[in-house]
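Observations on the three-dimensional arrangement
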Amino acid sequence: MAQHSTAPRSNATSQETSISHRGARSEWAHGGMVFAGVLMMVIGVMGILNGIAGIATDDVYTNIGSYVFEFSLTTWGWIHLVIGVGVLATGWGVIQGHDWARAVGIALTSLFAIEYFMFLPYAPVWSLICIGIAVFVMWSLATSPEPTRTR
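The model shown is predicted, which means the values in this text are computed figures rather than measured ones.

1. Overview of the UniProt feature "transmembrane region" (unreviewed entry) in the protein chain
As annotated by UniProt and renumbered to match this structure, "transmembrane region" (unreviewed entry) occupies residues 32–56, 76–95, 100–119 and 125–142. Annotation note: span residues 76–95, helix share 100%, strand share 0%, distance between end C-alpha atoms 28 Å. Counting secondary structure, residues 125–142 comes out at 100% helix and 0% strand; the distance between its end C-alpha atoms is 26 Å.

2. Quick look at the packing of helix α2 (residues 73–96) against helix α3 (residues 99–118)
The geometry of α2 relative to α3 is characterised by a closest axis approach of 9 Å and an angle of 155° between their N-to-C directions. Relative to α3, α2 is oriented roughly antiparallel. Where α2 crosses over α3, the two elements pack in a sense that is left-handed. Two secondary-structure elements touch here, α2 through Trp76, Ile79, His80, Ile83, Gly86, Val87, Ala89, Thr90, Gly93 and Val94 and α3 through Trp100, Ala101, Val104, Gly105, Leu108, Leu111, Phe112, Glu115, Tyr116 and Met118. Residue classes in the contact of α2 with α3 are distributed as 14 nonpolar, 5 polar and 1 charged.

Rules of the game
- Residues numbered from 1 in each chain as written.
- Predicted model: local features only at pLDDT ≥ 70, side-chain atom pairs only at ≥ 80, totals over all residues.
- Heavy atoms only, no water.
- UniProt positions renumbered as here; feature names shortened; annotations may be inferred.
- Helix = DSSP H or I, 4+ residues; strand = E, 2+ residues; numbered from the N terminus.
- Axes fitted to C-alpha atoms, helices over the stretch in contact; angles between N-to-C directions.
- Parallel < 35°, antiparallel > 145°, perpendicular 65-115°, else oblique.
- Left-handed = near helix turned anticlockwise from the far one by under 90°.
- Contact = heavy atoms within 4.5 Å.
- Nonpolar A, V, L, I, M, F, W, Y, C, P; charged D, E, K, R; others polar.

Next comes the structure, spelled out in structure tokens:
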């Protein structure tokens, strides 16, 4: 006859379970922060490229009707370039884990979303995509928990 072990199974206590869930949540939150930083860098580079295209020539984008927020395409190019550089640099700061980068990232990404809302008549589909990405980045930066520091 085979003998079976009579040792009781080790069940995870509620404290162990909550610690493991907290660890999993913090890993997801860190991953979300890194993804938000990468998205910020990508949209920053795309903003820079849009800005260069707008500055270099005025016939890259066409105006669809009239709109309240009407600027010359060269002005739009400079706006895209400046905000794109800021978003790119802040995205790098988010990836590096700098404390200042979260608040600045939310502020610049909000400005980025407003910029592309105003740019809707020139590139409607791309503007909607950029606004969606900006909303996701703002949500990710705003909802991720504060990093725990070891002393």
